[in-house]
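# Structural characterization, general
In case you want the letters, here they are:
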Amino acid sequence: MRTDTGQVFKLEDYRPTDYLIPETGLTFRLSPEATRVTAVLTVERRDGIAASVPLVLDGDGLTLGRVAIDGQTLAPTDFFATPDQLTITTPPAAARFQLLIETELAPAHNEALMGLYRSSNVYCTQCEAEGFRRITYFLDRPDILSIYTVRIEAPHHEAPLLLSNGNPAGSGELADGWHYAVWHDPFPKPSYLFALVAGALGKVADSFVTLSGREVELGIFVEPGKERLAGYAMDALKRSMKWDEEAFGREYDLDVFNIVAVSDFNMGAMENKGLNIFNDKYVLADHETATDADFANIEAIIAHEYFHNWTGNRITCRDWFQLCLKEGLTVFRDHEFSADQRSRAVKRIAEVRTLKAHQFPEDQGPLAHPVRPRRYREINNFYTATVYEKGSEVVRMIRTILGAETFRAGMDLYFERHDGEAATIEDFIKVFEDVSGRDLSQFSLWYHQAGTPNLTISSTHNAAAQEFTLEIEQSVPPTPSESRKRLMHIPLAFSLVGADGKAIEYSGVEGASVEDGVIHIRKRRHVVRFSGVAERPAMSLNRGFSAPVTLSVEQKADDQFFLAGHDNDTFSRWQAFNTLLTEVLISAFRQVLDSRQPGFASRLIELAGKIAGDETLEPAYRALALALPSEADIARDIGKNIDPDAIFSAREALTVAIAEANREIFSDLYHRLTDKDAFRPDAASAGRRALRNTLLDYLSLLQGGAALAARHFQSATNMTDRAAALSVLALRHSGSPETVKAVADFEAKYATDPLVMDKWFQIQASVPGPQTIHAVRALTGHPAFSMANPNRVRSLVGTFSSANQTGFHRADGEGYRFFVETVLQVEKRNPQLAARLATALRSWRSLEPARQGMAREALLSIANTENLSADLRDIIERTLA
Ligand code: PHE
Ligand code: ZN
């Protein structure tokens, strides 16, 4: 474990290295306890650098064997080594030399899952961001691009399969039942994209013919016996390859493309060149074990990692401050892919829900940081919703501002200009300025300035003058270490909606530049006057979520209702309905706090029924619209003095009111939606299941609800329906005989399938109320649970602390005490995972005073623990600051 040194890395300190490593040869002699790594590096001194300048290589906890230069073993006086650094004090006079370094590793004991480790007897690696330095000493930074040749040796029976990046370049037998394979990757790459996999795995093989007619061999490697679960992933891969050719003109560049699924992985997946390594949760699926959400995630993540081949690998990042250059852009690309494969409106709604659920609270709390941060203590903690999701929104805004065609021209120029380079955000913005002739300097604040901007908007209509006026004011709230903000360029898509639901034409506009339905807000205040507007329109604002901002709009409830029912754009219709629901839930919350019974306007309740039954709308849309804002969404919009129990009661009351008033519509529709056909994972079928399962959730609150859910559970023919029913039972009828039976049946049926058991843990960790902490504590002792496996920890502990508002924020602070214990326990093995878990308290300051005090105590008790990892200390100290 790398303990904290307090060192802060700053963007302004970036300096190119004195040495380069154009070629890297690696030989691995694999063994669980003592793997020998021989690195042979071709080192080149940059022009103008004196030979006396030492070569300083990064390491992390390494055990050094021999060091040699140009074949000569170095004497101990010629270098200086610690586990974390190797300094060649007097390098040769020649500008180019060969440096050999031997290190010894124990992959079997690597529980941090960074560097070379073992997962279910398979050797695998994870090098992003700084894991390569746990394998050998190196210039372990993304601007050092090297051509790799890798030789792997292992006993044949233990590791029949030997994989690395690039193309295969030889294999053969060795003495004593060992064998070897050589891989050569012709594309220079940074060390974080290095990968190795060795073990006994099953293979699914396929092929893909690229745009220019080259045939690529595709392989997905999984635990033997699970091959048939990789079919959907393979299909998604081929669709991704095709889509990137069509949408971005990007073709694959090696002879092989391999994906390996492993069961111990800190993140979702990793884009290593030609050898993606995946958390098996994002590869393995069939209708019996995976939900529709799992299928959608697999499709998106397979695409995401594949798309990195161009946005990340061919063009990589100059330094880790530029992380969003590859991540934000690649998320944008995978979002577009999914939108094209599925329903665009539904996809956009889901994206916005995720953005608001994860990125908004980050941006509004102590961990707020710009999409391109300027400093960090631990880079692992910057794989955030801000870098990924807001980073994607920023790319989307560039497209909105430039238009699709110019945007594509900019992307083409980006690939042409920077292929083979380690680039920066400035490089990225420049290509769009060059193709469009626009000045994007104010726009680029989206990369540099943290915080969610707010727009306050009001309107007036002057019938006599036929003039409609919008008053728009922008503000960006202060965030940690950025108290003063500059004014931003916010592209606000809008429509003036007439009584027929269609956009009203206006004859002129002044006060802001308005192009293609977008108001370009650049100043603090704009008064935008539309002329030739005879009837008073309803304002549909931030259509398609054109900018990641919050809105404070003065708009009549009548108009909101009208838009929620009639806006001709599906996304905007959802947005209007969601805004109404949020407002209603917030006032219900206030009523609960005043010990009043919350009441709800009947037209809102009726609208819910109308949406449910509106056959002109896609079922998936109806399901999303009927899914009320989550407790966390409501808490975020309230902002301060949060009492999670009151939020829960308010939300429950609205759910019951909607269910009671719409019983017939819901029940009728529920029965009609029963699927009699064989399972298909496509978006339309998934949408019907989603709607039916959402209706079940409502109906479960009525008389006979538990029995209905139990029947749903028993008659389910796929995991989507089964897990949905189990969740309804557990969350709405906790402790009922039906629930107890379903929980036990599910456990008995799936006890040996860890990924399915994750759902079982997750559902039980989500049960609202103060009792759940006891169940969660007990489940940490369940035979299927393990504190060493990130998926298990996230399902049980992560769900409880990040997604169970009433359970985790128990009034007596017991949830927080559990949090401290588990975070510290996990940290001993896996600091990165512990740091992620610890973000569960990032919004502690918005809690009501009593909970706030207890949460602070909990954070302080972690902060006061000695020898904390850099990962955990960074999160805790920023959270408390
Ligand atoms: N680069 C990976 C992705 O977004 C995420 C990742 C980061 C995986 C660090 C592992 C470690 O595709
Ligand atoms: Zn990525």
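Residues numbered from 1 in each chain as written. Chains lettered and ligands numbered in written order. Predicted model: local features only at pLDDT ≥ 70, side-chain atom pairs only at ≥ 80, totals over all residues.

Under an unreviewed UniProt entry, the name given to the protein chain is Aminopeptidase N, and the source organism is Mesorhizobium ventifaucium. Annotation of the protein chain in UniProt includes, under Cofactor (unreviewed entry), the sentence "Zn(2+)". UniProt annotates the protein chain under Catalytic activity (unreviewed entry) with the comment "Release of an N-terminal amino acid, Xaa-|-Yaa- from a peptide, amide or arylamide. Xaa is preferably Ala, but may be most amino acids including Pro (slow action). When a terminal hydrophobic residue is followed by a prolyl residue, the two may be released as an intact Xaa-Pro dipeptide." (UniProt positions renumbered as here; feature names shortened; annotations may be inferred.)

### Some points on the site of ligand 1
Residues in close proximity to ligand 1 total 13 residues, the closest being E128, M267, M270, E271 and Y383. Here the residues of the shell around ligand 1 sort into five nonpolar, four polar and four charged. (Near = placed C-beta within 6 Å. Nonpolar A, V, L, I, M, F, W, Y, C, P; charged D, E, K, R; others polar.)

### Re the packing of helix α10 (residues 570-593) against helix α12 (residues 619-626)
Viewed as axis vectors pointing N to C, α10 and α12 meet at an angle of 20°, and their least axial separation amounts to 10 Å. As the angle between them shows, α10 and α12 are arranged roughly parallel. Crossing of α10 against α12: the hand is right-handed. Contacts between α10 and α12 involve T570, W574 and F577 from the former and Y621, L624 and A625 from the latter. Residue composition of the contact of α10 with α12, grouped by class: five nonpolar, one polar and no charged. (Axes fitted to C-alpha atoms, helices over the stretch in contact; angles between N-to-C directions. Helix = DSSP H or I, 4+ residues; strand = E, 2+ residues; numbered from the N terminus. Parallel < 35°, antiparallel > 145°, perpendicular 65-115°, else oblique. Left-handed = near helix turned anticlockwise from the far one by under 90°. Contact = placed C-beta atoms within 7 Å.)

### Focus on the nonpolar core
Counting 245 residues, the largest nonpolar core has V197, V260 and V283 as the members making the most contacts within it. In terms of residue count, α10 provides more of this core than any other element does, 11 residues in total. (Core = buried A, V, L, I, M, F, W, Y, C linked by C-beta atoms within 7 Å. Buried ≥ 20, exposed ≤ 12 C-beta atoms within 10 Å, placed from the backbone.)

### What to know about the UniProt feature "domain: Peptidase M1 membrane alanine aminopeptidase" (unreviewed entry) in the protein chain
The sites that UniProt annotates as "domain: Peptidase M1 membrane alanine aminopeptidase" (unreviewed entry) are residues 232-443. Across residues 232-443, helical content stands at 55% and strand content at 9%; the span's end C-alpha atoms are separated by 40 Å.

### Considerations on the sheet that holds strand β9 (residues 96-105)
In space, the eight strands of this open sheet follow the order β6-β5-β9-β3-β2-β12-β15-β14, with mixed pairing throughout. Looking at the sheet topology across the chains shown, the edges are occupied by β6 (72-73) and β14 (167-173). Taken together, the 10 bridges between strand β3 (residues 35-45) and β9 define a ladder with antiparallel strand orientation. Along β9, the bridge assignment pairs V37 with T103. (Pairing = 2+ DSSP bridges.)

### Notes on the sheet that holds strand β10 (residues 115-119)
Spatial strand order, β10-β11-β16-β13: four strands in an open sheet with antiparallel pairing. Two strands bound the open sheet, and with one partner strand each, they are β10 and β13 (161-164). Across the sheet, the mean angle from the axis of one strand to that of its neighbour is 15°, orientation sign disregarded. With two bridges connecting them, strand β11 (residues 122-126) and strand β16 (residues 196-199) associate as antiparallel partners. Looking at the pairing, Y123 lines up with A198 of β16.

### Quick word on the packing of helix α16 (residues 683-699) against helix α18 (residues 719-732)
Contact pair α16 / α18: the axes reach a minimum separation of 10 Å and the direction vectors enclose 15°. Taken together, α16 and α18 sit at an angle that is classed as roughly parallel. Handedness of the α16/α18 crossing: right-handed. Between α16, through R689, N693, L696 and D697, and α18, the contact on the second element is made entirely by T720, D721, A724, A725 and V728. In terms of residue class, the contact of α16 with α18 is made up of four nonpolar, two polar and three charged.

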